[in-house]
Amino acid sequence: MSAAGVKRGVRNRVAALFAVLVLAVTAACTGGEDSSPSPSTSSRAGGADDVLAVKIDNVAPARPHTGLEQADIVYVEQVEAGLSRILAVYSSDLPPVIGPVRSARETDLELLRQFDRPTLAFSGAQSRLLPVIDRAPIDAVPPSKAPRAYFRGPDRPAPHNLYLRPERIPFTASGVDAVAELGLRVGAAPSGGEPEDSRTVRYPSASVTFTWSAGSQRWLVSLDGAPARTVEGERIGAGTVVVQDVDVRESDFRDRSGNNTPFTETVGSGDAVVLRDGRAYEARWSRSSADADTVFSTPDGRRVDLAEGPLWILYAPRG
């Protein structure tokens with residue numbers, strides 16, 4: 001896979017945002033979906049990890065997000081009750097604070113196998129999922145393994161107030177570029193495409209809308225109908241958006257309320273739409289195995305390259 005690309009500079013925007021006590025937490029919540037692994041959860045010894053993935057809350061009380069605008073890749077997936085959650089992936093440059101952090105899901109484990117050495121920061125997980133996380137080829141860093149890295153902010157109620165200071169976790173960046181690690185690259189747009197002003201991806205109880213801004217050359221993000229903003233009030237945008245049609249099925253896990261945790265099938269193939277430069281391009285996606293990258297191609301088999309800027313990938317349930 002390709003090595004490092006030129007990264008966006010990190011703006012020191014939130015250093016004094018939360019002057020609060022660093023918690024020696026054991027999880028975002030106790031029991032149920034947010035049980036925390038014991039400190040003995042395995043981690044691969046030695047070497048540098050290629051990316052840091054952080055599981056982020058995505059309901060109204062969790063917004064605005066902190067540090068999301070600096071993610072290289074933002075995945076959106078369906079969770080219980082038809083809601084959505086975010087898995088934000090960072091490369092070498094990290095914001096000082098990221099969050100709110102929430103619990104991991106089984107889908108995350110298969111998704112992250114596209115990366116060579118991913119570190120996953122999360123608040124906890126359903127107790128029956130913890131052994132699965134322990135066996136997964138990731139470096140799992142919940143609060144029990146790095147208590148000084150997590151803290152609770154004072155401006156919102158739990159569980160929507162757990163934040164990560166990434167410089168305090170055992171993550172050593174290798175210098176790779178997260179997008180290049182997926183086998184993707186920035187390049188010219190495909191031929192064809194249709195002009196597109198706005199595209200909405202709907203989940204049973206959530207939605208994400210992208211509106212093209214010619215002035216900023218970005219797709220401006222709205223979450224559940226409200227503009228997505230940084231903690232300073234700036235709009236969050238994407239350079240490229242991929243809407244990937246996937247199968248979403250029931251898993252063997254449930255949350256504390258008895259809702260089944262959906263599992264998103266990211267291995268296989270299907271239709272996709274790529275949004276870039278104010279146009280929509282029909283595409284196909286294919287991932288032959290859990291260890292393989294996802295390939296995006298035009299209907300005639302040509303590779304689809306990306307525009308400059310953050311990449312958002314939305315797993316849209318097949319209708």
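This write-up is about the structure you can find in this document. (Residues numbered from 1 in each chain as written. Predicted model: local features only at pLDDT ≥ 70, side-chain atom pairs only at ≥ 80, totals over all residues. Heavy atoms only, no water.)

Further remarks concern the pattern of salt bridges. It is possible for side chains of opposite charge to pair when their charged atoms get near one another. Taken as a whole and judged by the stated rule, the model has 15 salt bridges. K55 is paired through a salt bridge with D108; the nearest N and O atoms lie 2.8 Å apart. Placement of the pair is K55 in strand 1 (residues 51-56) and D108 in helix 1 (residues 106-111), with a sequence separation of 53 residues. The exposure classification of K55 matches that of D108, with both residues buried. As a salt-bridge pair, R113 and D291 come within 2.6 Å of each other at their nearest N and O atoms. Taken as a pair, R113 in the loop between helix 1 and strand 4 (118-121) and D291 in the loop between strand 18 (279-287) and strand 19 (295-297) lie far apart in primary sequence, 178 residues in all. Taking the relative accessible area as the measure of exposure, D291 reaches 55% and is therefore exposed. It is possible to trace a salt-bridge network through shared partners that takes in K55, E77 and D108. (Salt bridge = Lys/Arg side-chain N within 4 Å of Asp/Glu carboxyl O. Helix = DSSP H or I, 4+ residues; strand = E, 2+ residues; numbered from the N terminus. Buried < 20%, exposed > 50% of the residue type's maximum accessible area, 1.4 Å probe, protein only.)

Let's shift gears to the environment of N260. Tracing the sequence through the fold places N260 in strand 16 (residues 260-264). Counting along the chain gives 180 residues from N260 to E80, while the straight-line C-alpha distance between them is 6.3 Å. Leave out the neighbours within four places in its chain, and N260 touches E80, E250, S251, F253 and R254. (Contact = heavy atoms within 4.5 Å.)

What follows concerns the pairing of strand 14 (residues 240-246). Of all the seven residues making up strand 14, six are buried; the element is thus mostly covered by neighbouring parts of the structure. Inspection of the sheet shows strand 14 paired to strand 17 (residues 268-276) by five bridges, in the antiparallel sense. Of the residues in strand 17, the one forming a bridge with T240 is R276. Note: strand 14 against strand 20 (residues 311-317), seven bridges, orientation parallel. Among the inter-strand pairings, D245 is bridged to a residue of strand 20, identified as A316. (Pairing = 2+ DSSP bridges.)

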